Amino acid sequence: MMFTTDSVSAPSPISYSLGIGRTVSVSSDFSLQAHAAFFTGYYLYDDERAKPAEVENRTALALSSLVSLNALWTFGKTENQWLQIGAGPAIFARYGLQANGVSGAADEVSDINRYFWSDLHFLYPDICFSYTRVVSQLALGAECRIYLPVASFADGMGFEDGIIALSISLGKHKP
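Anyway, here's the lowdown on the structure attached to this text. Keep in mind that this is a model prediction, so the values were computed, not measured. (Residues numbered from 1 in each chain as written. Predicted model: local features only at pLDDT ≥ 70, side-chain atom pairs only at ≥ 80, totals over all residues. Heavy atoms only, no water.)

1. Examining the environment of Gly 21
Consideration 1: You can see Gly 21 is positioned in strand β1 (residues 18-25).
Consideration 2: What makes Gly 21 exposed here is its relative accessible area of 52%.
Consideration 3: For the pair Gly 21 and Asn 113, spaced 92 residues apart in the sequence, the C-alpha separation amounts to 26 Å.
Consideration 4: Excluding residues that lie within four positions of it along the chain, Gly 21 makes contacts with Ala 34 and His 35. (Helix = DSSP H or I, 4+ residues; strand = E, 2+ residues; numbered from the N terminus. Buried < 20%, exposed > 50% of the residue type's maximum accessible area, 1.4 Å probe, protein only. Contact = heavy atoms within 4.5 Å.)

Take a look at the structure:
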């Protein structure tokens, strides 16, 4: 969910994503994790900002990816379950294409793409919390990630355009 309070944009749109990641243990309590989630979303351009849009008001369809690298601390660990908390830098990579059914908006799509990569609108460090349980060699988990919009904080808009992601994870457990 992307948090937004702007009256012109879509009210806090929810996107469904598919992600992939890899965690590498550094020690028994610390790990490094690379993670990427892929999804799409609609955008419009208003007041010199790219804003999430409802399908009726869309200009661009943005192909999006959130790519992060986190340092994780593991605690509450037993043989079959553990908790982790972590943080690290993330890049919100987006590229807008003119949405299907929209015509004559090439300049606006160009403005949207320019906005995505200007003034740190791509920098979204994250904080993550996860729980993992081992069931028959499978590591099943639940995770919450909070992506902080650096540009919005710098512009005095607080958590506007911030992202909260809830997910489930599935992986092979290596004891």
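2. Some points on the nonpolar core
Consideration 1: Residues Tyr 43, Phe 92, Phe 116 and Ile 163 are the most contacted members of the largest nonpolar core, which totals 16 residues.
Consideration 2: Listing elements by their share of this core, those giving two or more residues are β2 (30-46), β4 (60-75), β6 (90-98) and α1 (106-116).
Consideration 3: Tallying contributions element by element places α1 first for this core, with 4 residues.
Consideration 4: Apart from residues no more than four positions distant in its own chain, Phe 92 is found in contact with Met 2, Phe 39, Tyr 43, Ser 64, Ser 65, Leu 66, Phe 122, Tyr 124 and Ile 163. (Core = buried A, V, L, I, M, F, W, Y, C linked by side-chain atoms within 4.5 Å.)

3. Some remarks on the packing of aromatic side chains
Two aromatic rings, taken as a pair, are described by how far apart their centres are and by the angle between their planes.
Consideration 1: Scanning the model with the defined rule gives 6 aromatic pairs in all.
Consideration 2: Measuring from ring centre to ring centre gives 5.8 Å for Phe 3 and Phe 159, while their planes differ by 40 degrees; the resulting arrangement is tilted. Taken as a pair, Phe 3 in the segment before β1 and Phe 159 in the loop between α2 (150-154) and β9 (163-172) lie far apart in primary sequence, 156 residues in all.
Consideration 3: In this structure Phe 3 comes out as partly exposed when scored by relative accessible area, which is 31%.
Consideration 4: Given a relative accessible area of 23%, Phe 159 falls into the partly exposed group.
Consideration 5: Taken together through their ring pairs, the aromatic side chains of Phe 39, Phe 92 and Tyr 124 make up a single cluster.
Consideration 6: The positively charged end of Arg 58 is found above the aromatic ring belonging to Tyr 42, 5.6 Å away from the centroid. (Phe/Tyr/Trp six-rings, centres within 6.5 Å; stacked < 30°, edge-to-face > 60°. Lys NZ or Arg CZ within 6 Å of the ring centre and 35° of its normal.)

4. Examining the state of the cysteines
One way to say it: the disulfide is the covalent bond shared by the sulfur atoms of two cysteines.
Consideration 1: Applying the stated criterion across every chain, the model contains 0 disulfides.
Consideration 2: Cys 144 provides the cysteine sulfur closest to Cys 128, a residue in no disulfide bond, and the two sulfurs are 9.1 Å apart. (Disulfide = S-S within 2.5 Å.)

5. Quick notes on the pairing of strand β8 (residues 138-147)
Consideration 1: Where burial is concerned, the two faces of β8 differ: the one with Ala 139, Gly 141, Glu 143, Arg 145 and Tyr 147 is buried and the one with Leu 138, Leu 140, Ala 142, Cys 144 and Ile 146 is not.
Consideration 2: Taken together, the 10 bridges between strand β7 (residues 126-135) and β8 define a ladder with antiparallel strand orientation. Along β8, the bridge assignment pairs Phe 129 with Cys 144.
Consideration 3: Following β7, the chain reverses through 2 residues before pairing antiparallel with β8; Ser 136 in that reversal takes a positive phi of roughly 50 degrees.
Consideration 4: As paired elements, β8 and β9 share 10 bridges and run antiparallel to each other. When the bridges of β9 are listed, Tyr 147 appears paired with Ile 163. (Pairing = 2+ DSSP bridges.)

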